[in-house]
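# Coordinate inspection notes
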Amino acid sequence: MQLRGFAGKVHAVMGENGAGKSTLMKLLSGVYRPDTGSIRLNGAAVAFGHPRDAQKAGISTIFQEFSLLPNLSVAENLFLGRERENGRKLGSTEIHRRAAAALASLDLPIDPRRRVGALSVGHQQMVEIAKGVLADASVFIFDEPTAALATHEVDTLFKLIWRLTAAGKVVFYISHRLSEIFALCDDITIMKDGRFVRCVATGETTVDDVIQGMVGRP
């Protein structure tokens, strides 16, 4: 898969259950290693042996199950594994200041000192996104991000995604909700039975055409 050319766009990945969408995203995020093929990021071939390798390369994944620790504060979660910088340990005051700045840059009204376990599902998802922003990620992967969100939280998520694309980020978006795909995404890649079917601009296709590509018949 070649990631060049998607900067500033939301790219949908669609298919029936078992089509290979989540597997493909786990390959991109270093959870799985590919048996064949290649991944190219900014024109250069990359290989990830661990999710941390993908994160260091600028790929941030927001799975349906969050990687947050509920007993820690928002700020502590944002800097988990990154407490040291340039050979020195970051103090709690600096961590909270930088966490607050990151949340403010996304226009998120979340107290960085609040315990993550006390947040709503929607706000926990926003914290996951803020982790990617703090890590200066260039690629964001969202796997069924609205499955557990209320309507107003979906609106907040969409605004955040548009903010990311306005900053030139690449966004991959997996969802079974066609209304979301056509409202949010610039392009759609359709998969079936673990194989690529086609890629099409959202404005040049229809719901019926996408469904036919997914199931293989009208």
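Predicted model only: the values in this text are computed from it and were never measured.

## Observations concerning the sheet that holds strand β9 (residues 187–192)
Taken in spatial order, the 6 strands of this open sheet run β4-β7-β8-β1-β9-β10, and their pairing is mixed. Looking along the sheet, the strands with just one partner apiece sit at the ends: β4 (59–62) and β10 (195–201). If you compare each strand with its neighbour and ignore which way they point, the axes differ by 20° on average. Relative to strand β8 (residues 170–174), strand β1 (residues 10–14) is paired through 4 bridges, and the arrangement is parallel. Looking at the pairing, His 11 lines up with Phe 172 of β8. Of the strands in this sheet, β1, β4, β7 (139–143), β8 and β9 touch helix α1 (residues 21–28), which is tilted by about 150° from β8.

## Some words on the packing of aromatic side chains
Aromatic ring pairs are reported here in terms of the distance separating the ring centres and the angle at which the planes meet. Evaluation of the coordinates by the stated rule reveals 1 aromatic pair. Between Phe 158 and Trp 162, the aromatic rings sit 5.9 Å apart at their centres with planes inclined by 70°, giving edge-to-face as the arrangement. With Phe 158 and Trp 162 both in helix α6 (residues 151–166) and 4 residues apart, this pair spans about one turn of that helix. By relative accessible area, Trp 162 is classed as partly exposed at 42%.

## A few points about the pattern of salt bridges
Summed over all chains, the structure comprises 9 salt bridges. A salt bridge links Glu 180 to Arg 177; its shortest N-O distance comes to 3.5 Å. With relative accessibility at 7%, the residue Glu 180 sits in the buried group. By relative accessible area, Arg 177 is classed as partly exposed at 38%. Of the charged contacts in the structure, one is a salt bridge between Asp 193 and Lys 192, with a shortest N-O distance of 3.7 Å. The structure contains a network of salt bridges with shared partners spanning Arg 88, Glu 94, Arg 97 and Arg 98.

## Structural notes on helix α8 (residues 207–215)
Where α8 is concerned, the buried positions are Val 210, Gly 213, Met 214 and Val 215. Directly after α8, the chain includes Gly 216, whose backbone phi takes a positive value near 85°.

## A short note on the layout of surface pockets
Quantified by volume, the largest pocket comes out at close to 740 Å³. When contributions to the lining of the largest pocket are tallied by element, the ones reaching two or more residues are α2 (51–56), β4, α3 (74–78) and α5 (121–134). Here the element with the most residues in the lining of the largest pocket is α2; it accounts for 5 residues. Taken together, the residues that form the lining of the largest pocket break down as 11 nonpolar, 10 polar and 6 charged.

## Section: the nonpolar core
Of all hydrophobic cores here, the largest spans 44 residues; its most connected members are Ile 129, Phe 142 and Tyr 173. Broken down by element, this core gets its largest block of residues, 6 residues, from α6. Filtering out sequence-adjacent residues up to four positions away, Phe 142 remains in contact with Ile 62, Ile 129, Leu 157, Ile 161, Leu 164, Val 171, Phe 172, Tyr 173 and Ile 174. Counting residues in each nonpolar core, the second largest holds 17 residues, with Leu 24, Ile 141, Ile 174 and Met 191 among its members.

The rules behind the values
- Residues numbered from 1 in each chain as written.
- Predicted model: local features only at pLDDT ≥ 70, side-chain atom pairs only at ≥ 80, totals over all residues.
- Heavy atoms only, no water.
- Pairing = 2+ DSSP bridges.
- Helix = DSSP H or I, 4+ residues; strand = E, 2+ residues; numbered from the N terminus.
- Axes fitted to C-alpha atoms, helices over the stretch in contact; angles between N-to-C directions.
- Contact = heavy atoms within 4.5 Å.
- Phe/Tyr/Trp six-rings, centres within 6.5 Å; stacked < 30°, edge-to-face > 60°.
- Buried < 20%, exposed > 50% of the residue type's maximum accessible area, 1.4 Å probe, protein only.
- Salt bridge = Lys/Arg side-chain N within 4 Å of Asp/Glu carboxyl O.
- 1 Å grid on protein atoms, 1.4 Å probe; cavity = no way out; pocket = protein on both sides within 12 Å on 5 of 7 lines; lining within 4 Å.
- Points joined across faces, edges and corners; volume = space filled by probe spheres on them.
- Nonpolar A, V, L, I, M, F, W, Y, C, P; charged D, E, K, R; others polar.
- Core = buried A, V, L, I, M, F, W, Y, C linked by side-chain atoms within 4.5 Å.

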